[in-house]
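Chain and residue survey
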Amino acid sequence: MLLQEIVFTLDRFWSDRGCVIAPPHDTEVGAGTFYPTTFLRSLGPDPWRVAGLAPSRRPVDGRYGANPYRFQYFYQYQVVLKPSPKDVQQVYLESLGALGIDFRDHDMRFVEDNWESPTLGAWGLGWEVWMDGMEITQFTYFQQVGGLDCRPVSVELTYGLERIGMYLQGVSHAFDLRMSRDVTLGELRREFEVQHSRYNFEASDPELQRELFDRYEAEARRLLEEGLHQPAYEFVMKSSHAFNLLDARGVLSHAERQAYVQRVRRLAEASARAHVAPREPAMEGA
Amino acid sequence: MSRDLLFEIGTEELPDWYVTDGSRSLGALLQERMQAVGLGPSAVTVYATPRRLAVVATGVPERSAQRVTERRGPSAAVAFDAAGAPTRAAEAFASSSGVSVGSLQRRQTDRGEYVYAQVVSGGEPAAAVLPDLLATLVADLPAPRKMRWADVETPFVRPVAWLTARLEEETLPVRAAGVGAGGATRGHRFLAPGEVAISRPAAYAEALREAWVLADEAERREATRAAVAELAGSQGLTPVEDPALLTEVGNLIEWPFPILGRFSADYLELPDEVLLAVMVKHQRFFPLRSADGSLAAAFVGVANNRVSDEAVVRRGYEDVLAGRLYDARFFWRADRERSLSQHAWSLTGIAFQRDLGSMADKTSRVASGAEAVADAVDLSQEARAALVAATPLFRADLATQMVYEFPELEGVMARAYALAEGQPEPVADALMGGVMPKGPDDPLPPTEAGAVLAVADRLDKLVGFFALGKRPSGSADPFGLRRDAHGLVRVLAARGWRASVPTLVEAAAAAYRGGPVAVDAGTLDEVAGFVWDRVAALLDERGLRTQVIRAAVEGSHTVLGALRRGALLSRLEETAGFTDLMALYKRAANLAERYEGAVDEDPVDAVDPTLFASQQEEALQAALPAGASGATALLAAAVAALPPHDPAHGAGALTAVEVALEPGLSDLLSLKAPLDAYLDGVLVMAEDEKLRRNRLALLAAVVHPLRRLGALEHLAG
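Here the structure is a predicted model, which means the values were calculated and not measured.

1. Thoughts on the overall build of chain B
- Secondary structure summary: chain B contains 26 helices and 18 strands in total.
- Expected size for 717 residues packed as a compact globule is a radius of gyration near 27 Å; at 35 Å, chain B overshoots this value by more than 25%.
- Projected onto its principal axes, the C-alpha positions of chain B cover 100 × 100 × 50 Å.
- Looking at the 717 residues of chain B, the share that counts as buried comes to 44%.

2. Considering the overall build of chain A
- Each helix and strand counted, chain A has nine helices and eight strands in total.
- Expected size for 286 residues packed as a compact globule is a radius of gyration near 19 Å; at 19 Å, chain A falls within 12% of this value.
- Along the longest, intermediate and shortest principal axes, the C-alpha atoms of chain A span 55 × 50 × 30 Å.
- Counting across all 286 residues of chain A, residues that qualify as buried make up 47%.
- By sequence separation, contacts in chain A at least 24 residues apart represent 65% of the contacts at least 6 residues apart.

3. A word on the sheet that holds strand β4 (residues 67-75) of chain B
Residues and elements named next belong to chain B.
- Ordered in space as β4-β6-β5, the three strands form an open sheet in which the pairing is antiparallel. Each having just a single partner strand, β4 and β5 (105-109) make up the two edges of the open sheet. Direction aside, the axes of adjacent strands within the sheet are offset by 40 degrees on average.
- Relative to strand β6 (residues 112-121), β4 is paired through seven bridges, and the arrangement is antiparallel. Residue Arg72 lies in a different strand from β6, and its bridge partner there is Tyr116.
- Packing against the sheet, helix α3 (residues 88-97) makes contact with β4 and β6, and its axis sits at approximately 25 degrees to β6.

4. Comments concerning the packing of helix α15 (residues 425-433) of chain B against helix α16 (residues 448-467) of chain B
Residues and elements named next belong to chain B.
- Viewed as axis vectors pointing N to C, α15 and α16 meet at an angle of 30 degrees, and their least axial separation amounts to 7 Å. Considering how the two elements wind past one another, α15 and α16 form a crossing that is right-handed. Facing α15, whose interface residues are Pro426, Asp429, Ala430, Met432 and Gly433, α16 presents Ala449, Gly450, Ala451, Leu453 and Ala454.

5. What to know about the sheet that holds strand β14 (residues 257-262) of chain B
All names here are of chain B.
- Spatial ordering of the open sheet is given by β13-β15-β16-β14, a layout of four strands whose pairing is antiparallel. Bordering the open sheet on either side are β13 (238-239) and β14, each of which pairs with just one other strand.
- Sheet analysis places strand β15 (residues 286-289) next to strand β16 (residues 295-303), joined by three bridges and oriented antiparallel. Within β16, the residue paired with Pro287 across the bridge is Phe299.

6. What to know about the interface of chain B and chain A
- The interface is formed by 32 residues belonging to chain B together with 31 residues belonging to chain A.
- Of all elements in the fold, only β16 and α9 (310-335) of chain B reach the threshold of two or more residues within the side of chain B that touches chain A.
- Considering every element that reaches the side of chain B that touches chain A, the biggest residue donor is α9 of chain B, with nine residues.

7. Examining the packing of α16 of chain B against helix α18 (residues 501-509) of chain B
Residue and element names in this part refer to chain B.
- Remark: α16 packs on α18, axes separated minimally by 9 Å, with the N-to-C direction vectors making an angle of 80 degrees. In terms of their interaxial angle, α16 and α18 are classed as roughly perpendicular. Between α16, through Val455, Ala456, Leu459, Asp460 and Val463, and α18, the contact on the second element is made entirely by Leu504, Val505, Ala508 and Ala509.

8. Remarks on unusual backbone geometry
Residues and elements named next belong to chain B.
- Cis geometry is adopted by the peptide bond preceding Pro437, which originates at Met436 and carries an omega value of -5 degrees.
- Within the secondary structure layout, Pro437 lies in the loop between α15 and α16.
- That bond from Glu662 to Pro663 is cis: its omega, 5 degrees, falls within 30 degrees of zero.
- Secondary-structure assignment places Pro663 in the loop between α23 (615-641) and α24 (664-669).
- Positive phi values are uncommon outside glycine, yet Trp212 reaches one of about 60 degrees.
- Among the secondary structure elements, Trp212 is positioned in the loop between α5 (204-210) and α6 (217-233).
- Here Arg284, not a glycine, exhibits a phi torsion of approximately 55 degrees, which is positive.
- Mapped onto the fold, Arg284 is located in the loop between α8 (272-283) and β15.

9. Remarks on the nonpolar core
Residues and elements named next belong to chain B.
- Counting residues in hydrophobic clusters, the biggest one holds 279 residues, and the most contacted among them are Val373, Val452, Val455 and Ala508.
- For this core, the element with the most residues is α16, which contributes 13 residues.
- In contact with Val452, not counting residues within four places along its chain, are Ala370, Val373, Ala374, Val377, Leu379 and Leu387.
- Judged by nonpolar contacts, the second largest core, of seven residues, contains Phe93, Ala94, Leu104 and Ala117.

10. Some words on the environment of Pro83 of chain A
- Its location among the elements puts Pro83 of chain A in the loop between β3 (73-82) and α3 (88-98).
- Sequence separation of Pro83 of chain A and Pro152 of chain A is 69 residues, and the distance between their C-alpha atoms is 5.5 Å.
- Excluding residues within four positions of it along the chain, Pro83 of chain A makes contact with Pro47, Pro152 and Val153 of chain A together with Ala150 and Asp151 of chain B.

11. Points about the confidence of the model for chain A
- Averaged over all residues, the pLDDT of chain A equals 93, while 96% of them reach at least 70.
- Scored below 50 in pLDDT, residues 280-286 of chain A makes zero contacts in the model with residues more than four places away or belonging to other chains.

12. Digging into α3 of chain A
Residue and element names in this part refer to chain A.
- Within α3, burial applies to Val88, Gln89, Tyr92, Ser95 and Leu96. One side of α3 holds all its buried residues, which, seen down the axis, span an arc of 115 degrees.
- Lining the buried residues of α3 we find α1 (3-16), β3, β6 (134-145) and β8 (155-160).
- Directly after α3, the chain includes Gly100, whose backbone phi takes a positive value near 90 degrees.

13. Quick notes on the pairing of strand β1 (residues 3-11) of chain B
Residue and element names in this part refer to chain B.
- Here β1 lies mainly inside the structure; eight of its nine residues are buried.
- Looking at chain direction, β1 and strand β3 (residues 52-60) are connected through seven bridges and run antiparallel. When the sheet's bridge partners are listed, Leu5 is paired in β3 with Ala57.

What counts, and at which threshold
Residues numbered from 1 in each chain as written. Chains lettered and ligands numbered in written order. Predicted model: local features only at pLDDT ≥ 70, side-chain atom pairs only at ≥ 80, totals over all residues. Helix = DSSP H or I, 4+ residues; strand = E, 2+ residues; numbered from the N terminus. Rg over C-alpha atoms; globule rule 2.2 N^0.38 Å. Buried ≥ 20, exposed ≤ 12 C-beta atoms within 10 Å, placed from the backbone. Contact = placed C-beta atoms within 7 Å. Pairing = 2+ DSSP bridges. Axes fitted to C-alpha atoms, helices over the stretch in contact; angles between N-to-C directions. Left-handed = near helix turned anticlockwise from the far one by under 90°. Parallel < 35°, antiparallel > 145°, perpendicular 65-115°, else oblique. Core = buried A, V, L, I, M, F, W, Y, C linked by C-beta atoms within 7 Å. pLDDT = per-residue confidence, 0-100. Arc of directions from axis to C-beta.

Take a look at the structure:
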């Protein structure tokens, strides 16, 4: 199965189960959890189902394309279901079946994983799903997002697309994956990966990123005051990425690092509160 | 007729550690609650797998036991009118108590006459009481961290998937966490996914065995161990002994299916500790050893599924392990492109604690603290050379990628990188020892230089945090200071240095002088007190009673001294002579308190025989050398009985240490007769100041050797 066919198949599978298939968001994020369709929509009481490809960037994970599994830019497939369905584990296992992976032929495990995103003020409990010792999915019941309790609870499934593809295509390096009939993932992304690894670790301008962080943060704050929490949240994502670049560059002391995390978190929590707040006063006024 | 009860909480996969803890809690809570309602079972057996916590209670009575409780009502004057007829108040009381008005009793109390009702409770059928009781177990089962799911408001450790509640053949209508109980259980997630009927509660484990579930945790663990060993043995290999891994793996599966895999022998260039960390911590694989004891390029993974083609799973295991080993080798090579001293420079970028500077600031304090500690313990020439070479590199491995990725390898990697760059072995050992012990039961620094470094490191942290006012309060210990002090105490007891605790605290604190944090004498006293608290906790764990602990701790300067005095005093307490010994101490100490001698002076030197006015004084003085040698002999016996050792768990009760009490005890007791004669026949508090002082000095000279055994005032009572 081609890598892009895996995406089509999951799109179809989750579409059939009532999910909005949302196109990838166009701002750099460290994980699909940052997507407004996850972060903001997992708040509040309204039911919500969304799925789709979520390209993510973690500058510190760059390995110049040498590591078969680790990249600073990678594909996640993200599913969020609110409220979490009672049979969600079984449905998940069936989604693997749609990809041609019969879970009965493998050693499938749900291994404890306590997930936390300090920058998002979010945490949840769940598992890493292991297939034959390989982590292929993160499975999380959100307990808090943006510092707010999740009621009802959403469940987030994050498939590691490259890993699943490597298994299905029987290749031992993600860049050997066939994306389309004629193009491998390496052809699509190797040059990008190598150059960005160099950029993240060696060539990025820390002073610029510090300055950008400050400006993004100020902009997010200004927009929150203007009552524009959606654009404000865009700048939260941008500030988080600037922080990730500084982190990868190795220029932050432990204490500084903590301070940056706190700054992003304060903005994320303010965005979350702004997202939930309007509905109640608005309804009272109506 | 009694019956058996089965209650099973079926869940989505539990964390492995909760499988054990949760099932024990469930058994205890069920027992407690059934007892409380008069339904106490004769036995409770718990079962647990990653997908279920279950309990079978046998011998559940048909009905709850009847209990009669007495309830006091209004005063008789209010309950009955002048004619002796019950009032409305009496009727209300009777009705709220569930008894008839006629059955109310009147009784005189010291506060007047009152009305009483005899309330009979219990006697209800078990089947009526149990459903609510079982539902409360789901809500109340203790767990360190629970979660919510969907819109269910009862949190649990992981979502509750089903409940099974059976009283023999009867299914109990339990409802909890959004689930209604049924009478059947469920089999293995993949191998027997449907409902599994149970004929009766006692057949629970057998029914599950048919459905590929070993419900008994101990049985599953043993089956796993045996299966792994057998498979490894078939290749001439032996699994590395690791009980914690075995428990963990046993609680990640419902039935063990071991699979042997291999990795490229090239990766054996990595230090063993790295290979073990990757296999054990990250993959939960059992590492294997060859016949010669070296690590083999092979492992056993334990699957939770019986698959049609084992090669598929094996290939998966091997690929993922290869990826991790690839990473580890990447770190191993990249880290060695810089020397440890270059890594040490990077410690300036790693914070230790706000207001206490970076890790570089910390290690430079520890370097000077360690030298002062080395002086205090009179460290040997060779060990000192290793220490001096090690201190500039101490904790440099914190800046390496390997330790960033595998934090549990701190120290181990310092040693490996030091050896790889050609540092002498004693230096490498010191670097590793300086961060030991890591946990309450983990090994101590193997060398003396490492022990000095470990002591200096921990004292630096204690002094710094106490100076910042961040001492633990109550059960909260966010910075792990108790754990640090516990490790410190273990190292000190194992080394048996003669330097006192305050001396060592002082030595380590010297490095804070002139720094940004003020460390005053009060802080040092507090740190020493905190260390003594840990010693006391340890003595308590090792079976000593509180008074003995106080006497031992307050009478000692060193940790090992306190352990030895604890053992000695608890032995002495059991002897027939102990009463005499304490009487001797009390009589002498009573007045001796008024003696004002110079600090550190043995009062025996202050006694002036030319001032003696009686035979009793001479006799007592003549007896003093026997007393002193008696105390010396007892202490020497304690020293011989209790050599330096790691006092942590498993070290055995101190009360069981065989201390040879003779001839020391008899020598000490030989003071008693002359002392009694002296106190009966001589006026100690004489008018003449010189005489009085001399006579008090004589008493103090009696107390002095006794006081060497410990702060005996805590035992006199």
